[in-house]
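Residues per chain, in single letters:
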Amino acid sequence: MKITATRTLVKSAPELWELLDDEPQLRHWSAQLCEGDGAVEVTAREPGRLLAWRSDRAQTVKVKVKLVEKGFGTQVAISAKAEDGLEQDVLDQVLEDLAEPQRRPFSAV
């Protein structure tokens, strides 16, 4: 079973990359996609463009995220593949997570 989601977000590719290239976040998204807890293995990394990972849980889930700058934002395409049990709304939630404004703590001057 393969599911996909695509959306153009009003963020730059480097901004999105910073959010994507984070192992705890990848584990969180993988746990949502395929219930359970387990290690995440990055299988492809092209900074600012592509991140693919796999996670072995009750079943293996493979996820790929592509970033393409488009107009005033970045098109984000996510695909996930597993034998069964994937939910489309989880990919939509990943896009929502990426679209949210990031709160940064005030820095001391």
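Computed from a predicted model, the values in this text were never measured in an experiment.

Caption draft 1: Spatial organisation of the layout of surface pockets. Each pocket or cavity is described by its volume, and for the largest pocket that value is around 270 Å³. Around the largest pocket, the lining is made up of 17 residues, and of these Ala52, Lys62, Val63, Lys64 and Ser79 lie nearest the centre. Residue assignment for the lining of the largest pocket shows that the elements contributing at least two residues are strand S1 (2–9), strand S3 (50–56), strand S4 (60–70) and strand S5 (73–81). Looking at which element gives the most residues to the lining of the largest pocket, the answer is S5, with 5 residues. Taken together, the residues of the lining of the largest pocket sort by class into 7 nonpolar, 4 polar and 6 charged.

Caption draft 2: The arrangement of the pattern of salt bridges in detail. With the rule as written, the count across this model stands at 5 salt bridges. Arg27 serves as the salt-bridge partner of Glu23, at 3.2 Å between the closest nitrogen and oxygen. Of the two residues, Glu23 and Arg27 are both situated in helix H2 (residues 23–33); the distance of 4 residues between them amounts to about one turn of the helix. We classify Glu23 as partly exposed; its relative accessible area is 44%. When its relative accessible area of 31% is taken as the criterion, Arg27 is described as partly exposed. The partner of Glu46 in a salt bridge is Arg49, with the nearest N and O atoms 3.6 Å apart. Here Glu46 falls in the partly exposed class, since its relative accessible area comes to 35%. Accessibility expressed as a relative area gives 53% for Arg49, which makes it exposed.

Caption draft 3: Up close: the pairing of S4. Sheet topology places S3 next to S4; 7 bridges connect them, and they run antiparallel. Across the sheet, the residue bridging to Ala52 is Lys64, located in S4. As paired elements, S4 and S5 share 9 bridges and run antiparallel to each other. From the neighbouring strand, Lys62 faces S5, where its bridge partner is Lys81. Between S4 and S5, which follow one another and run antiparallel, lie 2 residues, and Gly71 among them has a positive phi close to 60 degrees.

Caption draft 4: Quick look at the environment of Leu91. The topology assignment puts Leu91 in helix H3 (residues 88–99). The buried category is assigned to Leu91, whose relative accessible area is 0%. Among residues more than four places away in sequence, those in contact with Leu91 are Ile3, Thr4, Ala5, Leu33, Ile78 and Ala80.

Caption draft 5: Local environment of H2. Along H2, the residues that are buried comprise Leu26, Trp29, Ser30 and Leu33. One side of H2 holds all its buried residues, which, seen down the axis, span an arc of 100 degrees.

Parameters and conventions
- Residues numbered from 1 in each chain as written.
- Predicted model: local features only at pLDDT ≥ 70, side-chain atom pairs only at ≥ 80, totals over all residues.
- Heavy atoms only, no water.
- 1 Å grid on protein atoms, 1.4 Å probe; cavity = no way out; pocket = protein on both sides within 12 Å on 5 of 7 lines; lining within 4 Å.
- Points joined across faces, edges and corners; volume = space filled by probe spheres on them.
- Helix = DSSP H or I, 4+ residues; strand = E, 2+ residues; numbered from the N terminus.
- Nonpolar A, V, L, I, M, F, W, Y, C, P; charged D, E, K, R; others polar.
- Salt bridge = Lys/Arg side-chain N within 4 Å of Asp/Glu carboxyl O.
- Buried < 20%, exposed > 50% of the residue type's maximum accessible area, 1.4 Å probe, protein only.
- Pairing = 2+ DSSP bridges.
- Contact = heavy atoms within 4.5 Å.
- Arc of directions from axis to C-beta.

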